Every structure is written in C-alpha cells, then in structure tokens.
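# Inside the fold
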Amino acid sequence: MTDREKIEKEVEEGVCEFMHVHEDIVEKVEGVLPQEQELVDLSEFFKVFGDSTRIKILYVLSQSEMCVCDIATLLQMGQSAISHQLRILKQMRLVKFRREGKTVFYSLSDSHIQTILDQGMEHINE
C-alpha cells in the first residue's frame, strides 16, 4: 500500500468527513520533495543546532577564529568539553580548522553557517 493509499484509507475511516485530494498540488510537491536520505541528512544537520553549547561555539567562531583554550575561557568550560563539541561540529562540516605550530585554530566553515545563525535569531526575535 502506498503512502497516498494509506492516507486515503485513514480519511475514509473517519479522519476527514470530506475527501478531496488536490492531485495537481500533490504531484507538484512530490516532484520537488528531496530523497529520503537527503531528508535524513538534513535532520541530522539541524540536530547539531539543538545543543546550546554548540550554538555558543558557533557564535563565538562567527566573531573570530579561536583555539580551544580561547573558547573554553570565553565560555567558562573545560577544554575537553569544548573539544568534544568541536569534533561534532567538524564532522558536520560546520567548522574548519588550521594548524599554526602546535595551536589549532577553529572558524566557521563558510558563510552559510553565519546565515543560519542570523536567520534563527531573526526568527526567534520576531
């Protein structure tokens, strides 16, 4: 049974008193709906933003490139906790790093991350 058939069956069983599927709209949206794996990847991407420590780190790095020691001092957290969160942010390609001698400096991967932060703040402040 397809998803559409399941929905139609639910509607027939009393979820909706009047069944009228707008086929043109459904087909249009089906044509642009991303593949399942893309949606899973997008979900995982947004889960990274669900942790306030990671959001703080992203905001800090939006202001300046920093090393773990600087971030830990600024956020009043342990270096190991910051390193753990940076590892997650690196895995999701939200931050990048460069090495200068023994020091590793972190920064946002690209301007998209800043845009996401800015739009999120704009949304919650409306």
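Keep in mind that this is a model prediction, so the values were computed, not measured.

## Side note on the overall build of the protein
- Of the regular secondary structure elements, the protein holds seven helices and three strands.
- In terms of its C-alpha atoms, the protein occupies a principal-axis envelope of roughly 65 × 30 × 25 Å.
- Here the protein holds 126 residues, and 24% of them are scored as buried.
- A fraction of 49% describes how many contacts in the protein between residues 6 or more apart in sequence connect residues 24 or more apart.

## Points about the side chain of Thr-53
- On the secondary structure map, Thr-53 appears in helix H4 (residues 52–63).
- Discounting chain neighbours no more than four positions away, the residues touching Thr-53 are Met-77 and Gln-85.

## Remarks on a nonpolar patch on the surface
- Residues Leu-33, Leu-39, Leu-42 and Phe-46 make up a contiguous nonpolar surface patch of about 360 Å² in total accessible area.
- Mapped onto the elements, Phe-46 comes out in helix H3 (residues 36–48).

## Notes on the packing of aromatic side chains
- Counted under the stated rule, the structure contains four aromatic pairs.
- On the numbers, 5.3 Å between centres and 65° between planes, the contact of Phe-45 with Phe-49 is edge-to-face. Each of the two residues, Phe-45 as well as Phe-49, counts as buried.
- The structure contains a cluster of three or more aromatic residues connected by ring pairs, namely Phe-45, Phe-46 and Phe-49.
- Seen from the ring of Phe-97, Lys-90 lies directly overhead, with NZ or CZ sitting 4.9 Å from the centre.

## Digging into the confidence of the model for the protein
- The share of residues in the protein with pLDDT of 70 or more is 91%, and the mean pLDDT across the chain is 90.
- The least confident element of the protein is helix H1 (residues 3–15), whose mean pLDDT is 67; the most confident is strand E1 (residues 66–67), at 98.

## Quick notes on the environment of Leu-39
- In this structure, Leu-39 sits in helix H3.
- Spatially, the C-alpha atoms of Leu-39 and Lys-96 are 24 Å apart, while their sequence positions differ by 57 residues.

## Side note on unusual backbone geometry
- Positive phi, close to 55°, is recorded for Gln-76, a residue that is not glycine.
- Relative to the elements of secondary structure, Gln-76 occurs in the loop between helix H5 (68–75) and helix H6 (79–91).

## Re the nonpolar core
- In this structure, Leu-58, Leu-61, Ile-71 and Leu-86 are the most contacted members of the largest nonpolar core, which totals 22 residues.
- When contributions to this core are tallied by element, the ones reaching two or more residues are H3, H4, H5, H6, strand E3 (103–108) and helix H7 (111–124).

The rules we used
- Residues numbered from 1 in each chain as written.
- Predicted model: local features only at pLDDT ≥ 70, side-chain atom pairs only at ≥ 80, totals over all residues.
- Heavy atoms only, no water.
- Helix = DSSP H or I, 4+ residues; strand = E, 2+ residues; numbered from the N terminus.
- Buried < 20%, exposed > 50% of the residue type's maximum accessible area, 1.4 Å probe, protein only.
- Contact = heavy atoms within 4.5 Å.
- Patch = residues over 30% accessible without salt bridge, like charges linked within 9 Å, V, L, I, M, F, W, Y side chains within 5 Å.
- Areas by Shrake-Rupley, 256 points an atom, 1.4 Å probe, with all protein chains shown as cover.
- Salt bridge = Lys/Arg side-chain N within 4 Å of Asp/Glu carboxyl O.
- Phe/Tyr/Trp six-rings, centres within 6.5 Å; stacked < 30°, edge-to-face > 60°.
- Lys NZ or Arg CZ within 6 Å of the ring centre and 35° of its normal.
- pLDDT = per-residue confidence, 0-100.
- Core = buried A, V, L, I, M, F, W, Y, C linked by side-chain atoms within 4.5 Å.

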